[in-house]
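Architecture and fold: a report
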Amino acid sequence: QTLRGKVAVKFGDKNSRVTVKPTELSRNQPMIPGGFALDDTVYYGGPARKYPNGDQLQFGDMGKVAGRSCVGDGLDGERLAVVFENHQ
């Protein structure tokens, strides 16, 4: 099967592979916006939110920085990807 515009990536000794766009790879370490670093602890400071998958965000919820946003809309350099505890 050909995956046009994708690169197959294998991590370490694991047998599974994932595909990513070449634009998602870099020879240099990508910068995380806002002076944050990978695995920094952050806290949600916005209004309460509910999502279709059942996840909810409440003021003060703790999360970990997972990198920069990967939405692909041209604004990823301005946003963080954050994993909040007990979220999918």
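Residues numbered from 1 in each chain as written. Predicted model: local features only at pLDDT ≥ 70, side-chain atom pairs only at ≥ 80, totals over all residues. Heavy atoms only, no water.

Regarding unusual backbone geometry
What counts, and what does not: Secondary structure counts use DSSP, requiring at least four H or I residues in a row for a helix and at least two E residues in a row for a strand, with both numbered from the N terminus.
Within the chain, Asp39 stands out as a residue other than glycine whose phi angle is a positive 75 degrees. As for its position among the elements, Asp39 is in the loop between β2 (17-20) and β3 (41-43).

Digging into the confidence of the model for the protein
For the record, the criterion: Every residue gets a pLDDT, meaning the predictor's confidence in that residue, from 0 to 100.
Of all residues in the protein, 92% attain a pLDDT of 70 or more, and the chain-wide mean is 85. Across the protein, the element-wise mean pLDDT spans from 75 in strand β1 (residues 7-10) up to 96 in β3.

Here we look at the sheet that holds strand β7 (residues 80-84)
Note the threshold: Between any two strands, at least two bridges found by DSSP are needed for them to pair. Note on method: axes are straight lines fitted to C-alpha atoms, helices fitted across the in-contact stretch only, with angles between N-to-C directions ranging 0 to 180 degrees.
Spatially, the 3 strands line up as an open sheet ordered β3-β6-β7, and their pairing is antiparallel. Of all the strands in the sheet, just β3 and β7 have a single pairing partner and so form its edges. The mean inter-strand angle of the sheet, taken between neighbouring strand axes irrespective of direction, is 50 degrees. By the bridge criterion, 3 bridges tie β3 to strand β6 (residues 62-68) in an arrangement that is antiparallel. The residue bridging Tyr43 from the neighbouring strand is Met62, located in β6.

Thoughts on the pairing of β6
With 5 bridges joining them, β6 and β7 adopt antiparallel strand pairing. Note that in β7 the partner of Val65 across the bridge is Val82.

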